[in-house]
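Structural features, examined
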Amino acid sequence: MIFLIIVIILAIVVVSTCVKIVPQAHSFVIERLGAYKETWSVGLHFKIPFLDRVARRVNLKEQVADFEPQPVITRDNVTMQIDTIIFYQITDPKLYAYGVENPIVAIKNLTATTLRNIVGDLELDETLTSRETINARMRTELDVATDPWGIKVNRVELKNIIPPRDIQEAMEKQMRAEREKREQILRAEGEKKSAILIAEGNKEAAILNADAEKQKRILEAEGEAEAILKVQQATADGIRVIKEAGADQSVLTLKSLEAFAAAADGQATKIIIPSEIQGIAGTVKALAEVIKD
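This structure is a prediction, so every number in the text was calculated from the model and none was measured.

Now for the overall build of the protein chain. Along its length, the protein chain carries eight helices and nine strands. Within the protein chain, buried positions represent 21% of all 293 residues. Of the accessible surface of the protein chain, which amounts to about 20600 Å², a share of 59% is contributed by carbon and sulfur atoms.

If you trace the backbone, Asp52 turns up in strand E5 (residues 52–59). For Asp52, a relative accessible area of 7% puts it in the buried group. Here the side chain of Asp52 touches Arg32 through a polar contact of 2.5 Å, side chain to side chain. Not counting chain neighbours up to four residues away, the residues in contact with Asp52 comprise Ile30, Glu31, Arg32 and Lys47.

In this fold, Arg139 is placed in helix H5 (residues 131–146). Residues Arg139 and Lys152, 13 residues apart in the sequence, show an inter-C-alpha distance of 9.5 Å. Those residues in contact with Arg139, other than ones at most four positions away along the chain, are Val153, Asn154, Arg155 and Val156. At 3.4 Å, the side chain of Arg139 forms a polar contact with the backbone oxygen of Val153.

Before going further, it helps to examine a nonpolar patch on the surface. Together, Met1, Ile2, Leu4, Ile5, Ile6, Ile8, Ile9, Leu10, Ile12 and Val13 make up a nonpolar patch on the protein surface, roughly 1000 Å² of accessible area in all. The exposure class assigned to Ile5 is partly exposed, which follows from its relative accessible area of 41%.

A positive phi is found at Leu33, a non-glycine position, where the angle reads about 55 degrees. When you line up the elements, Leu33 lands in the loop between strand E2 (26–32) and strand E3 (35–40). Although it is not a glycine, Phe50 adopts a positive phi angle of roughly 65 degrees. Tracing the chain through its elements places Phe50 in the loop between strand E4 (43–46) and E5. Its relative accessible area of 77% is what places Phe50 among the exposed residues.

Another aspect to go through is the pairing of E3. Where E2 and E3 come together, five bridges link them in antiparallel fashion. In the sheet register, Phe28 faces E3, and the bridge partner there is Trp40.

Below, the discussion takes up the nonpolar core. By size, the foremost hydrophobic cluster in this structure holds 30 residues, and its most contacted members are Ile82, Ile86, Leu115, Ile134, Met138 and Leu158. Mapped by element, the contributors of at least two residues to this core are strand E8 (79–90), helix H2 (93–98), helix H3 (103–119), H5 and strand E9 (151–162). Formed by five residues, the second largest nonpolar core is a distinct cluster that contains Val22, Phe28, Ile30 and Trp40.

Quick look at a positive patch on the surface now. A surface patch of positive charge is lined by Lys173, Arg176, Arg179 and Arg182. Residue position: Lys173 is located in helix H6 (residues 165–244).

Inspection of the secondary structure assignment puts Ile90 in strand E8. When its relative accessible area of 4% is taken as the criterion, Ile90 is described as buried. Between the C-alpha atoms of Ile90 and Lys61, which are 29 residues apart in sequence, the distance is 7.4 Å. Residues within four places of Ile90 in sequence aside, it is in contact with Val58, Asn59, Leu60, Gln63, Tyr96 and Gly150.

Tracing the sequence through the fold places Ser130 in the loop between helix H4 (124–129) and H5. Polar side-chain contacts of Ser130 include one of 2.6 Å to the backbone oxygen of Glu126.

Right, let's talk about the environment of Ile134 for a bit. Following the sequence through the fold, Ile134 ends up in helix H5. Distance in space between the C-alpha atoms of Ile134 and Leu122 is 9.9 Å, their sequence separation being 12 residues. When sequence neighbours within four positions are dropped, the list of residues in contact with Ile134 reads Leu115, Ile118, Val119, Leu122, Thr127 and Leu158.

Moving on to the packing of H3 against H5. Put simply, H3 and H5 touch, their axes get as near as 10 Å, and they point 135 degrees apart. In terms of orientation, H3 and H5 fall into the oblique class. Here H3 runs over H5; the crossing is right-handed. On H5, the residues that touch Ile107, Leu110, Thr111, Thr114, Leu115, Ile118 and Val119 of H3 are Ile134, Arg137, Met138, Glu141, Leu142, Ala145 and Thr146. A per-class count over the contact of H3 with H5 returns nine nonpolar, three polar and two charged.

Predicted confidence across the protein chain gives a mean pLDDT of 81, with 82% of residues reaching 70 or more. Mean pLDDT across the elements of the protein chain bottoms out in helix H8 (residues 275–292) (48) and peaks in E2 (93).

Thresholds applied
- Residues numbered from 1 in each chain as written.
- Predicted model: local features only at pLDDT ≥ 70, side-chain atom pairs only at ≥ 80, totals over all residues.
- Heavy atoms only, no water.
- Helix = DSSP H or I, 4+ residues; strand = E, 2+ residues; numbered from the N terminus.
- Buried < 20%, exposed > 50% of the residue type's maximum accessible area, 1.4 Å probe, protein only.
- Areas by Shrake-Rupley, 256 points an atom, 1.4 Å probe, with all protein chains shown as cover.
- Polar contact = N/O pair within 3.5 Å; in protein donor to acceptor, adjacent residues only side chain to side chain.
- Contact = heavy atoms within 4.5 Å.
- Patch = residues over 30% accessible without salt bridge, like charges linked within 9 Å, V, L, I, M, F, W, Y side chains within 5 Å.
- Salt bridge = Lys/Arg side-chain N within 4 Å of Asp/Glu carboxyl O.
- Pairing = 2+ DSSP bridges.
- Core = buried A, V, L, I, M, F, W, Y, C linked by side-chain atoms within 4.5 Å.
- Lys, Arg positive; Asp, Glu negative; His and termini not counted.
- Charge placed at Lys NZ, Arg CZ, Asp CG, Glu CD.
- Axes fitted to C-alpha atoms, helices over the stretch in contact; angles between N-to-C directions.
- Parallel < 35°, antiparallel > 145°, perpendicular 65-115°, else oblique.
- Left-handed = near helix turned anticlockwise from the far one by under 90°.
- Nonpolar A, V, L, I, M, F, W, Y, C, P; charged D, E, K, R; others polar.
- pLDDT = per-residue confidence, 0-100.

See the structure below:
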C-alpha cells in the first residue's frame, strides 16, 4: 500500500513537470534526446518525460544593450571615447539558441569593430556633427551581421562622444568666443536700431514742427487777407452809399480827408495831402468864416 502511494506521487510529479505554459512574448526551444525538436509559442504544452527538455527560454520583447565607452580613433588621429546603446529583438528563437554561443557578447564586439570602422573614415568635426549618419550606418551593418543569429537590430544610438581633455578645452574656448561674438553683434544691432529710431523720431518731429509753422503762417496770411478784404468791402460799401445819396465832389473830398486822419491815427508826424484836397479844404474854411460873420 505504501509502495503504491509512492508510485502515484512520483507519477503526479513527473506529469506536472511535463506540463509547460509558455507566457506571452516568450518562446521555448525544445530538444529531444539532445537534438532540436520544435519551438513552443504562447500556450499550454506537454513534453515526453525523460526524452524532451526545454533547451532555452527566449524573450521576444525588444531589449536594450548599453555598452561601455570604446576608444575610437578618427581619420585625423584623435582618440575619443564613444559608448553606444543597441535596441534589438529576437525574431527566430532557433537561430538565437544555436547561431552563436553568447549573442550579447558577440553584438558588443561587433558594435565596437563597426564603430571603429565608421569613425575611422571621419574627422573629429564630422564625428561630432554626424551622429544620425553614424547611427544609421551602424544599424544597417549590425542588422545584416546579426540576421544569422535570429536577432534584428531596430535602433543604434551613440550615447556619449567624449573627445580628449585638451580638445574639450579648445572647444569650450571656441564656444565662449562664439557666444561673446554673438553678444557683441546683438549689442551693436541694438544700438544701431536705437540710433535709427531716435533719428527717425527727430526727423518726424522736425517735419511736424515745420508743418505746424507752415499752417500757422497760412492761417495768419489768410486772416490778414480776410481783414483786408473786409476793409476794402466796407470802404466800397461806404462809397456806394455816398454816391447813392447824391454827394458831390466836395463831400467825397471831405471823406477822403477823414480817411487820411484815420490813417494817421495820431501816430504819424507828417501827412502829405494832395493839392486838390488842399484847395477844397481852403474853400470849406472860407465858407465857415462867412457863415460866422
